[in-house]
Amino acid sequence: MEVRRSARRRRTVSAYEEDGRLVVLIPAGFTRAQERMWVQRMRERLAARRARRTPGDDELAARARRLSTRYLQGRARPASVAWVGNQRRRWGSCTPATRTIRISEQVRGMPGWVLDYVLLHELAHLLVPGHGPDFWALLEPYPRLERARGYLEGVAAAAHLDISDDGPDGHDVSTDRDGRGEHAV
Ligand SMILES: [Zn+2]
């Protein structure tokens, strides 16, 4: 968060996000109390705007249906698609046995074409478990495939996260105690 005072501003306050930081522009003559009040107000306003922009679980499921129809001939039919907050080392994961797809909250603020890639990746795992050529052939028609993978790699590198779309050791398949395969982006 950063507050910038401007001598040219008289009464107007504005705010925007820059490199993930909130920048609030206020008139130079504002008191500390006015500054605090406006920073709080602008923070709430931006949070509300972001909440309107980002899809909820219902919209996420609808988005997955559209992607399945468009790129997978509707063959991938998840039983549920939901955001999860406790998935910090994976962008998305899929349990084919229950046809459950979970998308990390970390993807929420990313561009729509990145979210679509993560969804499509997990949808494809409902049809093909591993990351063989047949898996990538399913994703081939998605026009921003390489760009989206590059974007996620960039975010992971910037955050020093040991996360890539093929998982920590170039393989994203882990098996839970029930022996069901789980696949993560
Ligand atoms: Zn995968």
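For the structure itself, look to the data block above.
Keep in mind the model is a prediction, meaning the values are calculated, not measured.

Asker: I'd love a proper account of the pattern of salt bridges, names of residues and values included.
Answerer: This model, assessed by the stated rule, comprises five salt bridges. Note that Arg 4 and Glu 2 form a salt bridge whose closest N and O atoms lie 2.7 Å from each other. Among the residues examined, Arg 4 registers a relative accessible area of 28% and is labelled partly exposed. Relative accessible area serves as the criterion here: at 23%, Glu 2 is assigned to the partly exposed category. When the shortest N-O distance is used, the salt bridge between Arg 63 and Asp 116 registers 2.7 Å. Pair noted here: Arg 63 is in helix H2 (residues 57-71) and Asp 116 is in helix H3 (residues 112-125), with a separation of 53 residues, a long-range link. Neither residue differs from the other here; Arg 63 and Asp 116 are each classed as buried. Each of Arg 5, Arg 32 and Glu 35 takes part in a single network of salt bridges with overlapping partners.

Asker: Outline the packing of aromatic side chains, listing residues and values.
Answerer: Scanning the model with the defined rule gives three aromatic pairs in all. The interplanar angle of 75° and the centroid separation of 5.8 Å between the aromatic rings of Trp 113 and Tyr 151 together place this pair among those described as edge-to-face. Highlighted residues: Trp 113 in helix H3 and Tyr 151 in helix H5 (residues 145-158), separated in sequence by 38 residues. Residue class for Trp 113 comes out buried when judged on its relative accessible area of 17%. Note on Tyr 151: relative accessible area 30%, which makes it partly exposed. Positioned above the aromatic ring of Trp 38 is the side chain of Arg 41, whose terminal nitrogen or guanidinium carbon lies 4.6 Å from the ring centre.

Cut-offs used in this document
Residues numbered from 1 in each chain as written. Predicted model: local features only at pLDDT ≥ 70, side-chain atom pairs only at ≥ 80, totals over all residues. Heavy atoms only, no water. Salt bridge = Lys/Arg side-chain N within 4 Å of Asp/Glu carboxyl O. Buried < 20%, exposed > 50% of the residue type's maximum accessible area, 1.4 Å probe, protein only. Helix = DSSP H or I, 4+ residues; strand = E, 2+ residues; numbered from the N terminus. Phe/Tyr/Trp six-rings, centres within 6.5 Å; stacked < 30°, edge-to-face > 60°. Lys NZ or Arg CZ within 6 Å of the ring centre and 35° of its normal.

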